[in-house]
Amino acid sequence: QVQLVESGGGLVQAGGSLRLSCAVSGRTFSRYHMGWFRQAPGKEREFVAGISWSGDSTYYADFVKGRFTCSRDNPKNTMYLQMNSLKPEDTAVYYCAAREGNGVAYVPVYDYWGQGTQVTVSS
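One numbering rule holds for all chains: residues counted from 1, following each sequence as written. Per-residue local features of the predicted model are confined to residues with pLDDT of at least 70, and side-chain atom pairs are confined, for both listing and counting, to 80 or more; whole-chain, interface and lining totals are unaffected and use all residues. Hydrogens and waters are ignored; side-chain quantities use all the structure's heavy atoms.

Buried residues are those whose accessible area, probed at 1.4 Å on protein chains only, stays under 20% of the maximum for their type, while exposed residues exceed 50% and partly exposed ones sit between those limits. Counting from the N terminus, the helices are DSSP H or I runs at least four residues long and the strands are E runs at least two residues long. Judged by how many residues are buried, strand β4 (residues 32-39) sits mostly within the fold: seven of eight residues are covered. Pairing geometry for β4 and strand β9 (residues 92-100), over eight bridges, is antiparallel. By the bridge assignment for β9, Q39 is matched with V93. Pairing between strands is defined by DSSP: at least two bridges between them are needed. Inspection of the sheet shows β4 paired to strand β5 (residues 46-51) by five bridges, in the antiparallel sense. The partner of R38 across the bridge, within β5, is E46. Hairpin connection between β4 and β5: a loop of six residues separates the two successive antiparallel strands, and G42 in this loop has a positive phi of roughly 80 degrees.

This is how it looks when you write it as structure tokens:
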């Protein structure tokens, strides 16, 4: 069984930064394509960023391009999301997700999910 645990969320002022981590255990981390999603109250879960199993390819939603950076450290079984220039509209619960095969997906069709970490950006 694969387990994903997010950390690093919190309260930050607009313009600030946070770094989220997603620790993966249970199976070989490097076999998974990974994604970050977020869900705000009353809204659907939406894709934020993703990274291929090797880390060679990254993908971003338009609303975070130039502000967020997704990376992974396979020996440490961890994926990261560096979030800079945060805006109040970035407030949401952030989830990491893992899937085997078929690359990074922009929709929530992943096999495994974390429990989420709250990010709140004050104006």
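Okay, back to it.
Turning next to the packing of aromatic side chains. Any pair of Phe, Tyr and Trp rings, taking the six-membered ring for Trp, is counted once the centres come within 6.5 Å. Such a pair is stacked with planes under 30 degrees apart, edge-to-face with planes over 60 apart, and tilted for the rest. With the rule as written, the count across this model stands at seven aromatic pairs. Summarising the aromatic geometry, the rings of Y32 and Y112 are spaced 6.0 Å apart at their centres and angled 85 degrees between planes, so their arrangement reads as edge-to-face. Linking Y32 in strand β4 with Y112 in strand β10 (residues 112-113), this pair joins segments that are 80 residues apart in sequence. For the pair formed by Y32 and Y112, the shared burial category is buried. Ring geometry for Y110 and W113: centres 6.0 Å apart, planes at 70 degrees, overall edge-to-face. By the ring-pair criterion, three or more aromatic residues cluster together here, those being F37, F47, Y59, Y106, Y110 and W113. Charge-over-ring placement is defined geometrically: NZ (Lys) or CZ (Arg) within 6 Å of the ring centre, and within 35 degrees of the ring normal. It is R45 that lies over the ring of W113; its NZ or CZ is 4.8 Å from the centre.

Here we take up the pairing of strand β8 (residues 78-83). Counting buried positions along β8 yields five of six residues, so the element is predominantly enclosed. Where strand β3 (residues 18-25) lies against β8, six bridges are found, and the strand directions are antiparallel. Following the sheet pairing, A23 is matched in β8 by T78. Here strand β7 (residues 68-73) runs beside β8; their pairing, made up of six bridges, is antiparallel. Bridging from a neighbouring strand, F68 pairs with M83 of β8.

For patch building, the residue pool is restricted to those with more than 30% relative accessible area and no salt bridge; the joining distance is 9 Å between like charges and 5 Å between nonpolar side chains (Val, Leu, Ile, Met, Phe, Trp, Tyr). All accessible areas in this document rest on Shrake-Rupley with a 1.4 Å probe, and a residue is counted as covered only by the protein chains that are shown. Between Lys or Arg on one side and Asp or Glu on the other, a salt bridge is scored when a side-chain nitrogen of the former is within 4 Å of a carboxyl oxygen of the latter. Where nonpolar side chains cluster on the molecular surface, the patch consists of Y106, V107 and V109 and spans about 280 Å² of accessible area. Looking at the element boundaries, V107 is found in the loop between β9 and β10.

A few words now on the environment of D62. Relative to the elements of secondary structure, D62 occurs in the loop between β6 (58-60) and β7. Residue classification places D62 among the exposed positions, given a relative accessible area of 64%. Through-space distance from the C-alpha of D62 to that of G103 is 19 Å; in sequence the pair is 41 residues apart.

Residues belong to a common nonpolar core when they are buried Ala, Val, Leu, Ile, Met, Phe, Trp, Tyr or Cys residues joined through side-chain atoms within 4.5 Å. Counting 37 residues, the largest nonpolar core has L4, M34, W36, M79, L81, M83 and Y94 as its most contacted members. Put simply, the parts of the chain that give this core at least two residues each are β3, β4, β5, β7, β8, β9 and β11 (117-122). At five residues, β9 tops the list of elements feeding residues into this core.

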